[in-house]
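The lines below spell out each chain.
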Protein chains: 2
Amino acid sequence: MKGKAVVGQSGGPTAVINSSLVGVVQEALRHSEIEAVYGAINGIKGVLEEEFVDLGQEPAEVLEGLRRTPGAALGSIRYKVKEGDYERILQVFKAHNIRYFFYIGGNDSMDTAMKLDSLAKETGYELRVIGIPKTIDNDLAYTDHCPGYGSAARFVAMAVRDSGWDTRAMRVNSPVKIVEIMGRNAGWLAGAAALAKEQEDDPPHLIYVPERPLSKDKLLGDVEEAYRRYGYVVIALSEGVVNERGEPFGGEFAPKEVDAFGHVLKGGASDAAASIIKAELGLSTRIDKPNYLYRSFSLAVSEVDREEAYEVGKAAVIVALAGETGKMVTLIREPGPVYRSTTGLVELEKVANVERYLPDDFINEEGNFVTEAFIEYARPLIGGALAPYARLRGIRVPKKLL
Amino acid sequence: MKGKAVVGQSGGPTAVINSSLVGVVQEALRHSEIEAVYGAINGIKGVLEEEFVDLGQEPAEVLEGLRRTPGAALGSIRYKVKEGDYERILQVFKAHNIRYFFYIGGNDSMDTAMKLDSLAKETGYELRVIGIPKTIDNDLAYTDHCPGYGSAARFVAMAVRDSGWDTRAMRVNSPVKIVEIMGRNAGWLAGAAALAKEQEDDPPHLIYVPERPLSKDKLLGDVEEAYRRYGYVVIALSEGVVNERGEPFGGEFAPKEVDAFGHVLKGGASDAAASIIKAELGLSTRIDKPNYLYRSFSLAVSEVDREEAYEVGKAAVIVALAGETGKMVTLIREPGPVYRSTTGLVELEKVANVERYLPDDFINEEGNFVTEAFIEYARPLIGGALAPYARLRGIRVPKKLL
């Protein structure tokens, strides 16, 4: 089908979201059926406001360079599309003869894409809508994993390892470290901290994910036990961890933040946990909150992730040209000893607004670490082992004094 | 002078503190006058408790590997040495015939080294004490810069750039980002955020350092102006920024943290700033606190820094063998268009407990950024330019609808 294509980026960026964009653009430019490739400025907002850039006019070296550039080059947005918006979108598409819509995003964005696809079908406007998965949260269903996750997971592993080794060195003064990890509802990213560990006593010692409620007593018991065993404790704590009642962890005893007007703000899980550990165990506790670095720190990008992000963008164009619509591209892990993935397709209605959580066999019985099965799942996604670190043999000198 | 050597690591680790350790060990092992090289476990605490490891027994590949390993391999400590401790240290040194003491640390540690040197002289125990500079804060006097700073500065530049580009992409939803940067009293590290900027509108837009008081009105005026100009605002905020009265910024209107027992904890500068910006300007503000990653994230190490850290360790041994004592090794920037450094020496009494702040000509008049002079100072220390990022040309498509 002859017509123009629009590609948009939606939701929080990842370190490789631009790689998917380039996959779409470079593939689309190879096909004469696609008469132009427009980029929507700030996702669906750009479509609604008819704010497009002509990506076919970008120099080849800009496109190549974008594969190694974090942030969302087109600008992104979180925007809940309202009912009348879909009619407006189709109106804009018709005005420009846009027949292909590629939307790079998470489960909210897949909902937008699905509804747009439905309306186009209902109103008889021929449009091919393909979703391209993107989320560091790795919580899209029907795909082995999501582009963006591998790079964020690599950064998590590096950050927890390096900050953890720092804590090991400073254990006399401050024996506990909490690294707060992004992930409101799913523990995929926090779990990746386990990839920092080479030996049993290496950090991290505890990983808490939103899928398992965490009580104050459980936390204190775990920390005390790990401290007794290792002499220091490094915790990877998902920001979305909840207590036994399903409320944000520490909601009732967290440091309460009061803003300039006296409003009580929500204390974060790591602040709450640190406060408890200090108060009850007397252990000095430090916190890292790298926050937006998880989704942007480009030096730590997983090459596997970067390549897969490109491939899902490319695949979206190919399947759209083959007549598919209302689908999201997925990643399929091929069987075999060497990691390899291919792309597949799933109906948008199956992934829209659906969150995928860590399965039970990826979380240990104690609910304070991930299993070997998870580690096997996640390891190939971070794109190669972390650089090896040296450990002193540390041959002790016999004491001469009492 | 024949005798054994002890090397210790003190204070917060840096990503290259082990490189200095290896510089000491590898150089010391070349000289038969040094009969053994012991490492003190956890700095001066290990000396006091006679806890040593024999570094001469470490395999060569372990030592080489340590040059690329963060944390302090011997363990480190913050410990205020008490009066009687110095006698005990000399007693331990005598028992093992330790005649060389190399202490890798900051200005507190140089005080320890100085006092030990004095007591040895007073009591007639022949001992060579050489301090080896180490601090990400870059606040030691009489040295062009401090090993550890360049790597932390490189991480700062990368973190602010990547998180800043993320904010640029998400500006519609959350236009303000604060990256909190380590540095209690000096703005050397926060200033390095400027190295993230290639073009005038690039992040960061504002840098606040402890050397310049920051008022609430000043902050709000600056943010409003930057937002008007760029459409988003990225702020590198030193954790040690103070208000007009010299108190921690936001002390009076920060989010107050109340711990489990109702104690009010100090709100951090970035929490305070974010609270004010949200409340007064209505701009959604996000915060990154990478904290301990500044001093440990080894992937971002500056190769210049790693090499210099090694060289100061090596130089310490050479000057001690030449008869020097009571000195700290310094780094001297050689004149000329290509960056090059050599090592020098300064009396410990000149650097002990002395903090070096950003000079006036490194801070702009408005007190909200660093100057070109600072950038010229800092740029070579981070060990090469950051990887280039691509920017869309963004040729607009003419609108067809109203």
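Quick note: structure is the one above.
Residues numbered from 1 in each chain as written. Chains lettered and ligands numbered in written order. Predicted model: local features only at pLDDT ≥ 70, side-chain atom pairs only at ≥ 80, totals over all residues. Heavy atoms only, no water.

> So what's going on with the interface of chain A and chain B? Residues and values would help.
With 89 residues of chain A at the contact, the number on the chain B side is 89 residues. When the two sides are added together, the surface that chain A and chain B hide from each other amounts to roughly 7400 Å², 61% of it contributed by carbon and sulfur. Among the residues chain A hides against chain B, the three largest losses belong to L392, V397 and L401 of chain A. Together they make up 9% of the total. Where chain A meets chain B, there are six salt bridges. Note that K399 of chain B is salt-bridged to E51 of chain A, the shortest N-O span being 3.3 Å. (Contact = heavy atoms within 4.5 Å. Buried area = accessible area lost by both parts, 1.4 Å probe. Salt bridge = Lys/Arg side-chain N within 4 Å of Asp/Glu carboxyl O.)

> Tell me what's going on with the packing of aromatic side chains, and back it up with residues and numbers.
Inspection of every chain in the model, using the stated rule, returns 27 aromatic pairs over all chains. Residues Y100 of chain A and F102 of chain A carry aromatic rings whose centres are separated by 6.5 Å and whose planes lie at 10° to one another, so their mutual orientation is stacked. Judged by relative accessible area, F102 of chain A falls into the buried class, the value being 0%. Between F297 of chain A and F297 of chain B, the ring centres sit 5.3 Å apart and the planes meet at 85°, which makes this aromatic pair edge-to-face. Taken together, the residues span two chains, with F297 of chain A in the loop between strand 11 (285-288) and helix 10 (303-321) and F297 of chain B in the loop between strand 11 (285-288) and helix 10 (303-321). Given a relative accessible area of 2%, F297 of chain A falls into the buried group. Among the aromatic residues, ring-to-ring pairing joins F155, Y294 and F297 of chain A together with F155, Y294 and F297 of chain B into one connected group. Its end group placed over the ring of Y389 of chain A, R161 of chain A keeps NZ or CZ at 3.5 Å from the ring centre. (Phe/Tyr/Trp six-rings, centres within 6.5 Å; stacked < 30°, edge-to-face > 60°. Buried < 20%, exposed > 50% of the residue type's maximum accessible area, 1.4 Å probe, protein only. Helix = DSSP H or I, 4+ residues; strand = E, 2+ residues; numbered from the N terminus. Lys NZ or Arg CZ within 6 Å of the ring centre and 35° of its normal.)

> How would you sum up the sheet that holds strand 3 (residues 52-54) of chain A? Please name residues and give values.
In any sheet, the strands associate via hydrogen bonds between backbone groups, in a parallel or an antiparallel arrangement. Residues and elements named next belong to chain A. One open sheet holds the seven strands; their spatial order is 3-2-1-4-5-12-13, and the pairing between them is mixed. Each edge of the open sheet carries a strand with a single partner, namely strand 3 and strand 13 (341-347). Each neighbouring strand pair of the sheet contributes to a mean axis angle of 30°, computed without reference to strand direction. Sheet topology note: the strand 4 (residues 98-105)/strand 5 (residues 128-133) ladder contains six bridges and is parallel. Bridging from a neighbouring strand, F101 pairs with V129 of strand 5. Running over the sheet, helix 1 (residues 17-28) touches strand 1 (3-9), strand 2 (34-40), strand 4 and strand 5 and is turned about 175° from strand 1. Relative to strand 4, helix 4 (residues 83-96) is tilted by about 130°, and along the sheet it contacts strand 1, strand 2, strand 3 and strand 4. (Pairing = 2+ DSSP bridges. Axes fitted to C-alpha atoms, helices over the stretch in contact; angles between N-to-C directions.)

> Quick rundown of the relation of the copies chain A and chain B? Include the residues and the values.
The operation relating the two chain copies consists of a rotation about an axis and a shift along that axis. For the match of chain A to chain B, the screw axis carries a shift of 0.0 Å, the RMSD comes to 0.0 Å, and the turn is 180°. Each copy turns onto its partner about a two-fold axis. A shared binding surface is used by both copies, with 100% of the interface residues of chain A retained as interface residues in chain B. (Least-squares fit on C-alpha atoms with pLDDT ≥ 70 in both.)

> I'd like a description of unusual backbone geometry, backed by residues and values.
With omega at 0°, the peptide bond leading from P203 of chain A into P204 of chain A counts as cis. Unusually for a residue other than glycine, N42 of chain A sits at a positive phi of about 60°. For N42 of chain A, the location among the structural elements is in the loop between strand 2 and helix 2 (44-48). By relative accessible area, which is 13% here, N42 of chain A ends up buried. Positioned with a positive phi, E50 of chain B is a non-glycine residue whose angle comes to about 60°. Along the chain, the position of E50 of chain B falls in the loop between helix 2 (44-48) and strand 3 (52-54). Residue classification places E50 of chain B among the buried positions, given a relative accessible area of 1%.

> So what's going on with the packing of helix 8 (residues 216-230) of chain B against helix 9 (residues 269-281) of chain B? Residues and values would help.
Residue and element names in this part refer to chain B. One can describe the packing of helix 8 onto helix 9 by two numbers: an axis separation of 10 Å at closest approach and a directional angle of 65°. Comparing the axis directions of helix 8 and helix 9 gives the class roughly perpendicular. Considering how the two elements wind past one another, helix 8 and helix 9 form a crossing that is right-handed. Across the interface between the two elements, K216, L219, L220, V223 and E224 from helix 8 touch A273, I276, I277, E280 and L281 from helix 9. Residue composition of the contact of helix 8 with helix 9, grouped by class: seven nonpolar, no polar and three charged. (Parallel < 35°, antiparallel > 145°, perpendicular 65-115°, else oblique. Left-handed = near helix turned anticlockwise from the far one by under 90°. Nonpolar A, V, L, I, M, F, W, Y, C, P; charged D, E, K, R; others polar.)

> How would you summarise the sheet that holds strand 4 (residues 98-105) of chain B if you had to cite specific residues and measurements?
All names here are of chain B. Pairing is mixed in the open sheet, where seven strands are placed in the order 3-2-1-4-5-12-13. The outermost strands of the open sheet, each flanked by one partner alone, are strand 3 and strand 13 (341-347). Neighbour-to-neighbour, the strand axes of this sheet turn through a mean angle of 30°, independent of strand direction. Note that strand 2 (residues 34-40) and strand 3 share three bridges and pair antiparallel.

> Account for helix 1 of chain A, with residues named and values stated.
An α-helical turn contains 3.6 residues, so a residue and the one three or four places further along point in the same direction. Residues and elements named next belong to chain A. For helix 1, which comprises 12 residues, the first-to-last C-alpha distance of 17 Å matches the rise-based estimate of 16 Å (1.5 Å per residue) to within 8%. Among the 12 residues that make up helix 1, 12 are buried, leaving the element largely enclosed by the rest of the structure. Taken as a whole, helix 1 has its buried residues at I17, N18, S19, S20, L21, V22, G23, V24, V25, Q26, E27 and A28. At its buried positions, helix 1 is contacted by strand 1, strand 2, helix 3 (60-66), strand 4, strand 5 and helix 10. (Expected span 1.5 Å × (residues − 1).)

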